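# Tertiary structure, described
What follows is each chain in one-letter form.
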Amino acid sequence: MKPCVPPDGRGVTGMKKITVITHSSTYESRAEAAGEFFRSRGYEVTCIFSDFDHLRKKTRKREEPGHVYVHMTPYTVNLSPKRLFSIRRFALDVKKEIVGRIRTGERPDLIYCMIPANTLAQMMAELHAEYGIPVLFDIIDLWPESLPLKQIASLPPVRHWRELRDKNLSCADMIFTECGLYREELGLPEEKSRTLYWFKDMSPVSGNAEHIPEAPEKVMTAGKPDAGVMEIAYMGAINNIIDMDTITSLLSCAGRLRPLHLRVIGEGDHREDFLGALNRAGVPFTWYGAVYDEDEKRRLLAPCSFGLNIMKESVHVGLTMKSIDYLSFGLPLINSIGGDTRTLVEKERIGINVNRSDLHETAEEMCRMADDGGAEARTQDVFSRYFTRDSFNRTLEEALCRVDGL
């Protein structure tokens, strides 16, 4: 095997310029991390991002050294033709941007492209074929498989959407996936693919250790936690893919075995639906709104025994950023998703996999594990081994040793 990319900043002869591409503001932190990895090895990195904030649905004026912001047509609804057309236009404009750079002598020596969007896979395959540029794909999600479209999966437009990705993967020298489940689902060859987990940088603990943010005044706290209750957390987006029915049924069941209280930390289009469902089910909760400060998250989660990672069965994912956030705070998971997370929960004993057909059994397991003094230490150990920046960089390093020309 040829030598790996040297970590001393000298770079490798013949590999000077690298372009990192993503269409979504949600993926930018991962794209930036990949860019930082290459910069630390002496490469010149250009990031091509969009000017559209996916979460806030707003166009942003953005300027930053080493970055190009391609305009993306605004959209307001995630599952809409307008979004699909917007993404396709963006992919075409990205190719146009790169071709323009090639014609002015700024040809990239490597493209690191995040998928979705599936149309980006098509554009990168065309650039590879026309100009011989090596391509690395980083697959963060599977569209349309991850969307609630099972009943129309065989329709020609949906098949075409999937094929935009599948037919163009062969152009890549290496394919990274955010979880092992995606490698299996796509049937990727072992020699050309690696699982590259998301990571989280941990911030140091600062002052104000006693401060706990108040629940927003516009939503009343339902029930008051008493001493000795089992505290549970839900953190993250409150959207259409969380399984509200299973969450409320499971918490109701567990609440009959042991007093509990749910801390809801997040925002989303379905926030009122979720809080209303908890209220109707008689589950005591406090909603804290969106919390971004790591110290505040740490204080809110400190009394909790578990973090909820329960999604609808139709969701096609093996790992969530929500899970990594919980693990970073030493919080075991109450988990419903399959793939990597299910395996880690079972193998490493860092939580409980939900048995949808017997929620009473799951509730009993919750009560037992809440008293397990070793669960937090096991959870923190798993986070340290799999989900740190060091593990992210190590995976990139080892994989790129196998790519010709790097």
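Residues numbered from 1 in each chain as written. Predicted model: local features only at pLDDT ≥ 70, side-chain atom pairs only at ≥ 80, totals over all residues. Heavy atoms only, no water.

## Some details on the overall build of the chain
Each helix and strand in the chain was counted, giving 13 helices and 15 strands. When the 406 residues of the chain are sorted by exposure, 55% land in the buried category. Once local pairs closer than 6 in sequence are excluded, the contacts in the chain between residues at least 24 apart make up 69%. In the form shown here, the chain has an accessible surface area of approximately 18,500 Å², with 50% of it arising from carbon and sulfur atoms. (Helix = DSSP H or I, 4+ residues; strand = E, 2+ residues; numbered from the N terminus. Buried < 20%, exposed > 50% of the residue type's maximum accessible area, 1.4 Å probe, protein only. Contact = heavy atoms within 4.5 Å. Areas by Shrake-Rupley, 256 points an atom, 1.4 Å probe, with all protein chains shown as cover.)

## Brief notes about the sheet that holds strand S1 (residues 17-21)
Taken in spatial order, the seven strands line up as S5-S2-S1-S6-S7-S8-S9 in an open sheet, and their pairing is parallel. Sheet topology places strand S5 (67-70) and strand S9 (193-195) at the edges, where each strand pairs with a single neighbour. Between one strand axis and the next, the sheet turns through 20° on average, direction left out of account. Where strand S7 (residues 135-139) and strand S8 (residues 174-177) come together, four bridges link them in parallel fashion. Within S8, the position partnered with Ile139 by the bridge is Thr177. The strands touched by helix H2 (residues 81-103) are S1, strand S2 (44-50), S5 and strand S6 (110-115); relative to S2, the strand with the most contacts, the crossing angle is about 150°. (Pairing = 2+ DSSP bridges. Axes fitted to C-alpha atoms, helices over the stretch in contact; angles between N-to-C directions.)

## Observations regarding helix H7 (residues 271-281)
Within the sequence span of H7, burial applies to Arg271, Phe274, Leu275, Gly276, Ala277 and Leu278. Contacts made by the buried residues of H7 are with strand S10 (230-235), helix H6 (244-257), strand S11 (260-265) and strand S12 (285-287). Looking one or two places after H7, you find Gly282, whose phi comes out positive at around 75°.

## A word on the sheet that holds S10
Strand pairing in a sheet is mediated by backbone hydrogen bonds. Such pairs are either parallel or antiparallel. What the six strands build is an open sheet, ordered S12-S11-S10-S13-S14-S15; its pairing is parallel. Here the strands that pair on one side only, and so sit at the sheet edges, are S12 and strand S15 (351-353). When strand polarity is set aside, the average angle formed by the axes of neighbouring strands in this sheet is 20°. Sheet topology note: the S10/S11 ladder contains six bridges and is parallel. Residue pairing in the sheet places Ala233 in a bridge with Arg263 of S11. Taken strand by strand, H6 contacts S10, S11, strand S13 (304-309) and strand S14 (333-335), and its axis lies near 150° from that of S11. Strands in contact with helix H8 (residues 294-301) are S10, S11 and S13; relative to S11, the strand with the most contacts, it is inclined by about 170°.

## Section: the side chain of Thr248
If you trace the backbone, Thr248 turns up in helix H6. Discounting chain neighbours no more than four positions away, the residues touching Thr248 are Ala277, Leu278, Ala281 and Val283.

Remember, this is a structural readout, not a statement about activity or role.
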